[in-house]
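Single-letter residue listing:
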Amino acid sequence: MKENPSHVKGRGKRNGEAPPPRWVYLARSLFVALGLSLLIFGGLDIVERLWLRGLPMETLHLMHKIEGVLCSLVVAGVASWMIIKSSPAFLIQAPLDEASQQTGQWTEAERAKRYAQWFIAMRWLAVLLAAILVFISVQVVGWLPAEVWWPLVSIIACLAALNVLYTILVRRGRAGTGLRCVQVYLDLVILTLLLQFSGGIENPLSMMMIFHVIIGGVLLSRRQCYWIAAAASGLFALLAWAECADLVKHYTLQLYPHIREANGELFHPAEQPLYVLSRIVLQAVVLFLTAYFVTTLAERLRQDERSLAVMAERATAGQQLLEQSLETTGAALRVLNSDLRPYWINRRWQQWFGGEAGGTGNGFEALDSENSPACQTRHDKKIRVTEVTLAPGALTAGTVGTDPHRRIFQVTTAPLLDLSGNVQRIVELAQDITQQKQTQEQMARAGKLAAVGELAGRVAHEVNNPIAIISTKSRLLLADHGGEMSPRVAQELGKITDYSDRVARIAQGLLSYCRPSPATRTLLDMRQPLRKSLAMVEQHARNSGVTILDELPAELPRVKANAHELEQIFLNLFLNALDAMPKGGRLQVSAADGPVRLRDGQPAIAVVVADTGPGIPETIRDRVFEPFFTTKPEGRGTGLGLSICLGLVRSHGGEIGVESEPGKGSRFIVKLPATTVPAAPEQIYG
């Protein structure tokens, strides 16, 4: 099935082009960030040089700090947005690739790969944001002491190195659930280390662990999400206990408000057991509640996704069933929009009529023409049945079973109405009725031939007796009084005798064609009358340079027939074959290989008479058995030979047919009902 491309929506390739690699997006993000930095710093430097030169130095230093923070936030925001834009869909399914388009859904392996790639992209974003925050906190505003600069940089570098390792594993096809679990747990450890060097549990970014729980709830199962929440709670508790017990050094985050005690030292809540315990409990409650809500929503989303997948499978199955049904029935279907644009076209319509518009201009009126059935149906909402005739060669190239001759199609055009009675779609159903038309023409021709045959039989019967008398009288006159006549009169009487005999032969042929033969039929070997007919034309064949090949088998089933009528059948076929090869050739007589049956299923014996003449043009092939139809020059044939053969074969309950191709000769196949007893080689007929 084919849908109109204008109705296909979604992200993915544009104009058939593949999307750029992911590193291109990342490089573009970095270049944009660098450009924004230069733009912001350059603009502010111009403003400072033109209008702010007279400000105190302390004010300028403060403005520089604000400038650095704002610039970092803008750059981080723009770069983050570009990275997220380039990442695959998270909760919304991304466009399918070529391998997945057959099923309409991502495979489990492809889905895991997409999630892992998205996770890697988010981690690069985390690396960028962490680097910016560390730089601002340590080097710009001094919220953290300088001694934590290299530990924090080392931890961020470790995160980037792990991300490179994850990327390599994903490209090697190891993007499974286990890798995602390892990613989440290692990220929690790295986040804990970052917190330890940046204020510990006093750092507001300690709530970033919630994002790992959210990611686990979306990408992993409910149990794995709860394990992630437990791991995050445990790591946070371990960090809080270690700082409270002075097992690790607590680094002061100046952003967090601290109170100076009487001795001048800062008061650190992270060193107070009650505060630490409350933070641990609060963190665990928040993480587990987040895990509960996220997994509940994720399971509902997955259930909805499964329902949608089932519905999509049913829709696809219904679509395939419709397509198969149309293919089985041999029908072509096209659905048009209310504006007469093609909406849906099946393969058979494409094969028959071709083109995106499905046949416009190929025997069809233009869709927007007022004379087109679709346009008229849109206006009056009536069903129309029309016939479309395609000239030879008008069918689409590559069509299976393409017929080089004229094809006729019956096209039914019907409207599809909505609840308001307006035309929503227009359906066109096309059926090939070429064979039906040919059958109707053959039946009409057969009726005419039957009427002509009946009339010819009556005329022949009425003409036969007077012609016999004329022929007899003329012969008697020549015999009794030939010597008394002048040569001219005797010559004219001879012509009368010859023409009378010719008319008598024509009349006898008409009677043989129109009436069943009353001759006696006996079981006989078909080879005997056939070879007797061959002997009659042997001298004629030798004079014409024609080689006769008798390839009949040693044994054939017997047939119940009249030997003299079989001689007449084969004699006519042999003479026609010799007339078709005046300059020599090959006349081959053989029996068909394998079991042969008549149209009613009765066993038969088939004899093939083949020649190497010019063949019979296809335009007249169906007329060769018609009475008085001949291609021979005037005076050389009556056009009754093959029609007499047809009548005699049918009177025996058999069939006769012809196969021919211009330039490759002709093959006449005579089928007669056969018995189960084979004829002996020496059997003769009387």
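Just so you know, these numbers come straight off a predicted model, no measurement behind them. (Residues numbered from 1 in each chain as written. Predicted model: local features only at pLDDT ≥ 70, side-chain atom pairs only at ≥ 80, totals over all residues. Heavy atoms only, no water.)

1. A closer look at the overall build of the chain
Right, so step 1: Helix and strand content of the chain: 15 helices and 16 strands.
Right, so step 2: Out of the 686 residues in the chain, the part that is buried amounts to 38%.
Right, so step 3: Of all intrachain contacts in the chain linking residues separated by at least 6 positions in sequence, the fraction that spans at least 24 positions is 69%.
Right, so step 4: Carbon and sulfur atoms make up 60% of the accessible area of the chain, which totals about 39300 Å². (Helix = DSSP H or I, 4+ residues; strand = E, 2+ residues; numbered from the N terminus. Buried < 20%, exposed > 50% of the residue type's maximum accessible area, 1.4 Å probe, protein only. Contact = heavy atoms within 4.5 Å. Areas by Shrake-Rupley, 256 points an atom, 1.4 Å probe, with all protein chains shown as cover.)

2. Topic: the pairing of strand β14 (residues 603-611)
Right, so step 1: Of all nine residues that make up β14, eight are buried, and the element is covered over most of its length.
Right, so step 2: With four bridges connecting them, strand β12 (residues 585-591) and β14 associate as antiparallel partners. Within the sheet, the bridge partner assigned to Val589 lies in β14 and is Val609.
Right, so step 3: With two bridges joining them, strand β13 (residues 596-597) and β14 adopt antiparallel strand pairing. Residue pairing across strands places Val596 opposite Ala604, the latter belonging to β14. (Pairing = 2+ DSSP bridges.)

3. Quick look at the nonpolar core
Right, so step 1: Membership of the largest hydrophobic core comes to 41 residues, with the highest contact counts inside it found for Phe570, Leu573 and Phe574.
Right, so step 2: Of all elements in the fold, only α13 (527-544), β11 (557-561), α14 (563-579), β12, β14, α15 (641-651), β15 (655-660) and β16 (666-678) reach the threshold of two or more residues within this core.
Right, so step 3: Tallying contributions element by element places α14 first for this core, with eight residues.
Right, so step 4: Leaving out residues up to four positions away in the same chain, Phe574 has contacts with Leu530, Ser533, Leu534, Val537, Leu587, Val589 and Val609.
Right, so step 5: Ranked by size, the runner-up nonpolar core spans 31 residues in total, among them Val184, Leu195, Val213 and Ala232. (Core = buried A, V, L, I, M, F, W, Y, C linked by side-chain atoms within 4.5 Å.)

4. With respect to the side chain of Glu428
Right, so step 1: Assignment of secondary structure puts Glu428 in strand β8 (residues 423-432).
Right, so step 2: On the accessibility criterion, Glu428 (3% relative accessible area) is buried.
Right, so step 3: A distance of 2.5 Å separates a polar atom in the side chain of Glu428 from a polar atom in the side chain of Arg334.
Right, so step 4: Every residue in contact with Glu428, bar those within four places of it in the chain, is listed here: Ala332, Leu333, Arg334, Leu336, Trp349, Ala374, Val411, Thr412 and Thr413. (Polar contact = N/O pair within 3.5 Å; in protein donor to acceptor, adjacent residues only side chain to side chain.)

5. Some thoughts on a nonpolar patch on the surface
Right, so step 1: A contiguous nonpolar surface patch, about 570 Å² in accessible area, is contributed by Leu277, Val281, Val285, Leu289, Tyr292 and Phe293.
Right, so step 2: A relative accessible area of 42% means that Val285 is categorised as partly exposed. (Patch = residues over 30% accessible without salt bridge, like charges linked within 9 Å, V, L, I, M, F, W, Y side chains within 5 Å. Salt bridge = Lys/Arg side-chain N within 4 Å of Asp/Glu carboxyl O.)

6. Some words on the packing of aromatic side chains
Right, so step 1: Applying the stated criterion to the full structure yields five aromatic pairs.
Right, so step 2: With a centroid separation of 6.3 Å and 25° between ring planes, the pair formed by Phe570 and Phe574 is classed as stacked. Of this pair, Phe570 and Phe574 are both found in helix α14, four residues apart, which corresponds to roughly one turn of the helix.
Right, so step 3: The lysine or arginine in question, Arg425, covers the ring of Tyr343, its NZ or CZ lying 4.2 Å from the ring centre. (Phe/Tyr/Trp six-rings, centres within 6.5 Å; stacked < 30°, edge-to-face > 60°. Lys NZ or Arg CZ within 6 Å of the ring centre and 35° of its normal.)

7. Let's talk about the packing of helix α5 (residues 177-196) against helix α6 (residues 209-219)
Helix packing for two helices is described by the angle between their axes and how far apart those axes are.
Right, so step 1: It is at 10 Å that the axes of α5 and α6 come closest, and there the two elements cross at 175°. In this view, α5 runs roughly antiparallel relative to α6, as classed from their interaxial angle. Where α5 approaches α6, its residues Arg180, Val184, Asp187, Leu188, Leu191, Thr192 and Leu195 are matched on the opposing element by Met209, His212 and Leu219. (Axes fitted to C-alpha atoms, helices over the stretch in contact; angles between N-to-C directions. Parallel < 35°, antiparallel > 145°, perpendicular 65-115°, else oblique.)

8. Examining the confidence of the model for the chain
Right, so step 1: Per-residue confidence for the chain averages 75 on the pLDDT scale, and 71% of its residues sit at or above 70.
Right, so step 2: Low pLDDT, under 50, characterises residues 1-18; the predicted model gives this stretch 27 contacts beyond four residues in sequence or across chains.
Right, so step 3: Note that residues 396-403 has pLDDT below 50 and, in this model, 11 contacts with residues that lie over four places away or in other chains. (pLDDT = per-residue confidence, 0-100.)

9. Brief notes about helix α10 (residues 373-380)
Along an α-helix, residues three or four apart share an orientation, since each turn contains 3.6 residues.
Right, so step 1: Every buried residue of α10 is listed here: Pro373, Ala374, Cys375 and Thr377.
Right, so step 2: Check the buried side of α10 and you find it contacts β4 (331-337), β6 (384-390), β7 (407-417) and β8.
Right, so step 3: Of the residues trailing α10, Lys381 is marked for its positive phi of about 60°.

10. Looking at unusual backbone geometry
Right, so step 1: Phi is positive for Asp246, close to 60°, though the residue is something other than glycine.
Right, so step 2: For Asp246, the position within the fold is in the loop between α7 (222-244) and β2 (259-260).
Right, so step 3: You will see that Leu340, though not glycine, has its phi angle at about 65°, which is positive.
Right, so step 4: Note on placement: Leu340 falls in the loop between β4 and β5 (342-345).

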